[in-house]
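Topology and contacts: notes
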Amino acid sequence: MYITVWNEYRHEREEEFKKVYPDGMHGAIAEYLRAEGFDVGTAVLDEPEHGLTDEVLAKTDVLFWWGHCAHEEVSDEIVNKVYRRVMEGMGLVVLHSGHASKIFRKLMGTDSYDLKWRESGDMEILWNCNPGHPITKGVGDKIILPHEETYGEHFIIPEPDETVFISWFTGGEVFRSGLCYRRGRGKIFYFRPGHEAFPTYYDPTVRRVLKNAAIWAAPEDTEKLTYGWVPATV
Ligand code: ZN
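About the criteria used
Residues numbered from 1 in each chain as written. Predicted model: local features only at pLDDT ≥ 70, side-chain atom pairs only at ≥ 80, totals over all residues. Heavy atoms only, no water. Helix = DSSP H or I, 4+ residues; strand = E, 2+ residues; numbered from the N terminus. Rg over C-alpha atoms; globule rule 2.2 N^0.38 Å. Buried < 20%, exposed > 50% of the residue type's maximum accessible area, 1.4 Å probe, protein only. Contact = heavy atoms within 4.5 Å. Areas by Shrake-Rupley, 256 points an atom, 1.4 Å probe, with all protein chains shown as cover. Lys, Arg positive; Asp, Glu negative; His and termini not counted. Charge placed at Lys NZ, Arg CZ, Asp CG, Glu CD. Patch = residues over 30% accessible without salt bridge, like charges linked within 9 Å, V, L, I, M, F, W, Y side chains within 5 Å. Salt bridge = Lys/Arg side-chain N within 4 Å of Asp/Glu carboxyl O. Donors = N, O, S within 2.8 Å, 3.2 Å for Na, K, Ca; no water. Expected span 1.5 Å × (residues − 1). Core = buried A, V, L, I, M, F, W, Y, C linked by side-chain atoms within 4.5 Å. Pairing = 2+ DSSP bridges. Axes fitted to C-alpha atoms, helices over the stretch in contact; angles between N-to-C directions.

A look at the overall build of the protein
Helix and strand content of the protein: six helices and nine strands. For the protein, whose C-alpha radius of gyration is 17 Å, the value lies close to the compact-globule estimate of 17 Å for 234 residues. Each principal axis of the C-alpha distribution contributes one length, and for the protein these read about 60 × 35 × 35 Å. Within the protein, buried positions represent 54% of all 234 residues. Taking the contacts inside the protein whose residues are at least 6 apart along the sequence as the reference set, 71% of them involve residues at least 24 apart. When the accessible surface of the protein is totalled, it reaches about 10,800 Å², and 51% of it is carbon and sulfur. Taken as two groups, the 26 positive and 38 negative side-chain charges of the protein have centres that lie 4 Å from each other.

Right, dumping it as structure tokens:
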């Protein structure tokens, strides 16, 4: 399996966030996945073609996506290529503020992606509401993150095929934090935690979820199928 971790990589070049993620969030995630035995590459917004060349996309089984302040700088051409690959079966793991990315909005079929938010460093508890699901393997009852950005319902999003985590925050909000979708032949997992100011992607249980999500989202069947006009089968 080949994994590409894509990151906008703007916040972590500022001193405040560089302290948390010296190699960027993509670096922290890729380092862990490599240590778990996966073949992993990284790509960032400011590379030519955002690092997502035809060659990279063709070999990628699962693409991770983190974006926040520069969603509109992602070219429509690249978004369309990623979309086509998801239709063909490439898995996509959308992280945190990636909920507002062009690719996630296109796949969800809505531009209404609103939610409540607050950067107050509340504690987040992600409750496992789908034990036995491949993505919750090894997670147990819950994941406790001492400090995170708060997201709150209502989250304008299509009803997922499966809900895996529901978050609670100290301020009282709740949020659907782990959501599974299928689009075309591809599987998509949205995972909420991962604000740039907190070391969330170093948390061992969060990391376990990322690994589980990659395994879950990987294409199971890559047989070429025929679309468009066909002669009668019999
Ligand atoms: Zn954030």
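Past the structure itself, the notes keep going.
As for a nonpolar patch on the surface
Where nonpolar side chains cluster on the molecular surface, the patch consists of W127, I166, W168 and V174 and spans about 340 Å² of accessible area. Given the relative accessible area of 39%, W127 is considered partly exposed.

Side note on the coordination of the zinc ion
For the zinc ion, the protein coordination sphere consists of H96 (NE2), E149 (OE) and H195 (ND1), at 2.0 to 2.1 Å. Counting residues between consecutive donors of the zinc ion along the chain gives the motif H-x52-E-x45-H. Residue H96 is found in the loop between β4 (91-95) and α5 (102-108), and its partner E149 is found in strand β6 (residues 142-152); the two are separated by 53 residues along the sequence.

Some details on helix α4 (residues 76-88)
When the terminal C-alpha atoms of α4 are compared, their 18 Å separation across 13 residues agrees well with the 18 Å that a helix rising 1.5 Å per residue should span. Buried-residue contacts for α4 involve α3 (54-59), β3 (62-66), β4, α5, β8 (174-183) and β9 (186-191). Looking one or two residues past α4, G89 carries a phi angle of roughly 125°, positive in sign.

What about the pattern of salt bridges?
A complete count under the given rule lists 19 salt bridges for this structure. R118 is the salt-bridge partner of E173, the closest N and O atoms lying 2.9 Å from each other. Of the two residues, E173 is situated in the loop between β7 (162-169) and β8 and R118 in strand β5 (residues 116-128); the sequence distance between them amounts to 55 residues. Through salt bridges with shared partners, a single network forms among R10, R13, D46 and E73.

Overview of the environment of K19
Here K19 is to be found in the loop between α1 (15-18) and α2 (24-35). Taking C-alpha positions, K19 is 9.0 Å from A197, a pair spaced 178 residues apart along the chain.

Some details on the nonpolar core
By size, the foremost hydrophobic cluster in this structure holds 36 residues, and its most contacted members are F64 and F189. When contributions to this core are tallied by element, the ones reaching two or more residues are β1 (2-7), α2, β3, β4, β6, β7, β9 and α6 (204-217). Looking at this core, the element that brings in the most residues is α6, giving seven residues. Contact partners of F189, with chain neighbours within four places excluded, come to L92, V93, V94, I135, V164, G178, L179, C180, V209, A213 and W216. Among the nonpolar cores identified, the runner-up in size contains 32 residues, and A43, M87, M90 and Y181 belong to it.

Comments concerning the sheet that holds β4
Reading across from one edge, β2-β1-β3-β4-β9-β8-β7-β5-β6 is the order of the nine strands in this open sheet, with mixed pairing throughout. Of all the strands in the sheet, the pair left with one neighbour each is β2 (39-44) and β6. Neighbouring strand axes in the sheet, compared pairwise and without regard to direction, differ in orientation by 25° on average. In the packing of α4 onto the sheet, the strands contacted are β3, β4, β8 and β9, and the crossing angle to β9 comes to about 115°. Relative to β9, α6 is tilted by about 165°, and along the sheet it contacts β1, β3, β4, β6, β7, β8 and β9.

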